[in-house]
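Structural description and commentary
What follows is each chain in one-letter form.
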Amino acid sequence: MVVGEFLPFLFMLVVQMGYAGMNITSKVAMDAGMKPLVLVAYRQIFATLVIAPLAYIFEWKTRPKITKAIVFQIFLCSLTGITANHAFYFVGLQLSTPTIGSAMTNLLPAFTFILAVIFRQETVRVKEATGIAKVLGTVTCVGGAMILSFYHGNIINVGESKILWDYAVKIGGSNTTNNSSSFLGPLLLMASSLGWAAWFIIQVKVSANFPAPYTSTVMMLFMGAIECIFIALIPEHQVSAWSLRTPVRLFASLYAGLISSGLAFYLTTWCIQRKGALYASVFSPFMLIMVAIFSWALLREKLYVGTAVGSVLIVVGLYTVLWGKDKEAKKAIEEEQVSKPDINGIDLEFQQTATPYSYSNGNRRSPI
């Protein structure tokens with residue numbers, strides 16, 4: 001295999017490992033006393049500082065004019081994709097486990113499909129296999145999420161890890177593994193995915209009217225940072241709550257901003273440009289597997305029957321929805337090829353690219 005062909009696969013694994021690490025480090029930091037809204041605010045601040053130079057380097061000559069309508073649309077993106085998405089996610093992560101948190105992120109295609117149908121960006125073709133696949137996949141995803149939220153069942157005995165992260169257990173105490181009994185945590189994680197899906201719907205107009213992904217991302221992150229700081233200051237107005245003197249707080253904040261937003265955004269954009277957004281989407285379940293292994297090995301997280309069954313259903317539903325969307329994209333390209341007239345007697349060739357189920361312009365990755 002040529003090295004260049006292997007790079008997208010390697011980079012997407014690195015991205016998923018980066019997200020898995022964020023779940024673990026963020027959970028440990030919050031168990032150590034860091035407030036989730038403060039962590040969210042710091043993530044946006046550091047992410048803005050990372051993406052801003054990229055926007056200047058790649059788009060300062062080609063950036064379209066920034067109008068009031070564009071600013072308002074990006075503001076809506078910051079409310080849904082940054083503030084609602086991240087705030088609900090980190091609070092939900094604090095009240096559940098990293099495994100449940102990573103499993104719930106796979107609800108995104110299902111929620112996006114539902115909202116896209118409501119806002120008439122997507123049609124439900126129940127008489128076709130692709131339409132049936134998307135509907136069944138959505139129902140399966142939501143059913144798996146319900147099981148994760150309301151059913152635990154017996155503990156699956158997979159033995160105990162020999163490489164326990166003593167530091168995490170020491171600073172987190174009993175909170176590191178005992179928060180999974182809360183129903184509120186999974187429900188907030190579902191709300192996070194719903195906010196994320198709403199961001200994709202709004203992003204359709206932003207991508208069409210302002211094709212400068214790095215610049216719009218910087219603006220969105222900057223607005224989101226201001227919003228998150230304001231929201232976090234209401235309950236956490238003491239200086240001690242914002243202190244980064246504790247190593248785990250500083251590391252979790254830097255990791256979330258630099259790795260999970262900065263590096264992950266760049267690598268995912270690179271892969272999407274070469275392989276398509278669908279290619280990037282199918283790697284999402286790898287994060288769930290990595291988080292489950294890391295949580296068991298480092299944090300003594302227990303695996304319940306409900307968690308395992310719900311996670312499997314969500315992943316199956318995810319791939320079912322993506323399969324239906326991929327088949328629709330290929331069919332649309334074939335129909336376009338058939339209907340396209342020849343030029344000078346020579347058939348036009350079309351390069352097939354995966355249509356992003358994220359309803360974006362193909363240059364964007366979700367803000368998580």
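From a predicted model like this one, the values you see are computed outputs, not experimental measurements.

As for the overall build of the protein
Along the protein, the regular secondary structure elements total 14 helices and zero strands. By the burial criterion, 51% of the 368 residues in the protein qualify as buried. Across the protein, the fraction of contacts at a sequence separation of at least 24, relative to all contacts at a separation of at least 6, is 91%.

A closer look at helix H3 (residues 68–94)
Here H3 spans 37 Å end to end across 27 residues, near enough to the 39 Å set by a 1.5 Å rise per residue. Where H3 bends most, the angle comes to about 30°, and this point is Ser78.

Re the side chain of Thr25
Mapped onto the elements, Thr25 comes out in helix H1 (residues 3–31). We classify Thr25 as buried; its relative accessible area is 10%. If we ignore the near neighbours within four places in the chain, the residues touching Thr25 are Phe251, Ala252 and Tyr255.

Some details on the packing of H3 against helix H10 (residues 213–233)
Between H3 and H10, the shortest axis-to-axis distance is 8 Å and the interhelical angle comes to 60°. Compared by their axis directions, H3 and H10 come out oblique. Of the two elements, H3 crosses H10, and the hand of that crossing is right-handed. Contacts between H3 and H10 pair Val71, Ile74, Phe75, Cys77, Ser78, Leu79, Ile82 and Thr83 from the former with Ser216, Met219, Met220, Leu221, Met223, Gly224, Glu227, Cys228 and Ile231 from the latter.

So, the packing of aromatic side chains
Under the definition given, this model contains 13 aromatic pairs. Ring centres 5.7 Å apart and planes at 20° place the aromatic pair Tyr56 and Trp60 in the stacked group. Take Tyr56: its relative accessible area is 56%, and that puts it in the exposed class. Between Tyr89 and Phe90, the ring centres sit 5.8 Å apart and the planes meet at 85°, which makes this aromatic pair edge-to-face. Tyr89 gets classed as buried once you look at its relative accessible area, which sits at 2%. Overall, Phe90 belongs to the buried group, its relative accessible area being 0%. A network of ring pairs unites the aromatic residues Phe9, Phe283 and Phe286 as a single cluster.

A short note on a nonpolar patch on the surface
On the surface, Phe6, Phe9, Leu10, Val14 and Leu263 cluster together into a nonpolar patch covering about 370 Å² of accessible area. With respect to the helices and strands, the residue Phe6 is situated in helix H1.

Considerations on the side chain of Ser26
One can find Ser26 in helix H1. Those residues in contact with Ser26, other than ones at most four positions away along the chain, are Leu39, Phe90, Leu93 and Ala252.

Concerning the packing of helix H5 (residues 108–118) against helix H9 (residues 184–209)
Between H5 and H9, the least distance of the axes is 8 Å, while the angle of their chain directions is 50°. As far as their axial angle goes, H9 and H5 are oblique. Regarding H5 and H9, the two cross each other, and that crossing is right-handed. For the pair H5 and H9, contact is made by Leu108, Phe111, Thr112, Leu115 and Ala116 and by Met190, Ser193, Leu194, Trp196, Ala197, Ala198, Phe200 and Ile201, respectively. Residue composition of the contact of H5 with H9, by class: eleven nonpolar, two polar and no charged.

Description of the pattern of salt bridges
Tallying each qualifying case throughout the model produces four salt bridges. Across the salt bridge formed by Lys134 and Glu328, the nearest N and O atoms sit 2.9 Å from each other. Separated by 194 residues along the polypeptide, Lys134 in helix H6 (residues 129–150) and Glu328 in helix H14 (residues 305–339) bring together distant segments of the chain. In terms of burial, Lys134 and Glu328 fall into one category: buried.

Remarks on H6
Its 22 residues give H6 an end-to-end C-alpha distance of 31 Å, which sits within 8% of 32 Å, the value for a rise of 1.5 Å per residue. Residues of H6 that are buried include every one of Thr130, Gly131, Ala133, Lys134, Gly137, Thr138, Cys141, Gly144, Ala145, Leu148 and Ser149, and no others. Each buried residue of H6 lies within a common arc of 165° when the element is viewed along its axis, so the set occupies one face. Exposed positions of H6 whose direction lies more than 90 degrees from the buried face are Ala129 and Val139.

Here we look at the environment of Thr62
Looking at the element boundaries, Thr62 is found in the loop between helix H2 (36–59) and H3. Expressed as a C-alpha distance, the spacing of Thr62 and Ala212, which sit 150 residues apart in the sequence, is 8.0 Å.

Thoughts on the environment of Phe72
In this structure, Phe72 sits in helix H3. Through-space distance from the C-alpha of Phe72 to that of Val206 is 9.8 Å; in sequence the pair is 134 residues apart.

Observations regarding the confidence of the model for the protein
Mean pLDDT over the protein works out to 81, with 84% of the residues at or above the 70 mark. Across the protein, the element-wise mean pLDDT spans from 47 in helix H8 (residues 175–178) up to 93 in H3. Within the model, pLDDT remains below 50 along residues 345–366, and this stretch shows 60 contacts once partners closer than five positions in the same chain are excluded.

The rules we used
- Residues numbered from 1 in each chain as written.
- Predicted model: local features only at pLDDT ≥ 70, side-chain atom pairs only at ≥ 80, totals over all residues.
- Heavy atoms only, no water.
- Helix = DSSP H or I, 4+ residues; strand = E, 2+ residues; numbered from the N terminus.
- Buried < 20%, exposed > 50% of the residue type's maximum accessible area, 1.4 Å probe, protein only.
- Contact = heavy atoms within 4.5 Å.
- Expected span 1.5 Å × (residues − 1).
- Bend = angle between axes of the 7 residues up to and from the residue.
- Axes fitted to C-alpha atoms, helices over the stretch in contact; angles between N-to-C directions.
- Parallel < 35°, antiparallel > 145°, perpendicular 65-115°, else oblique.
- Left-handed = near helix turned anticlockwise from the far one by under 90°.
- Phe/Tyr/Trp six-rings, centres within 6.5 Å; stacked < 30°, edge-to-face > 60°.
- Patch = residues over 30% accessible without salt bridge, like charges linked within 9 Å, V, L, I, M, F, W, Y side chains within 5 Å.
- Areas by Shrake-Rupley, 256 points an atom, 1.4 Å probe, with all protein chains shown as cover.
- Salt bridge = Lys/Arg side-chain N within 4 Å of Asp/Glu carboxyl O.
- Nonpolar A, V, L, I, M, F, W, Y, C, P; charged D, E, K, R; others polar.
- Arc of directions from axis to C-beta.
- pLDDT = per-residue confidence, 0-100.

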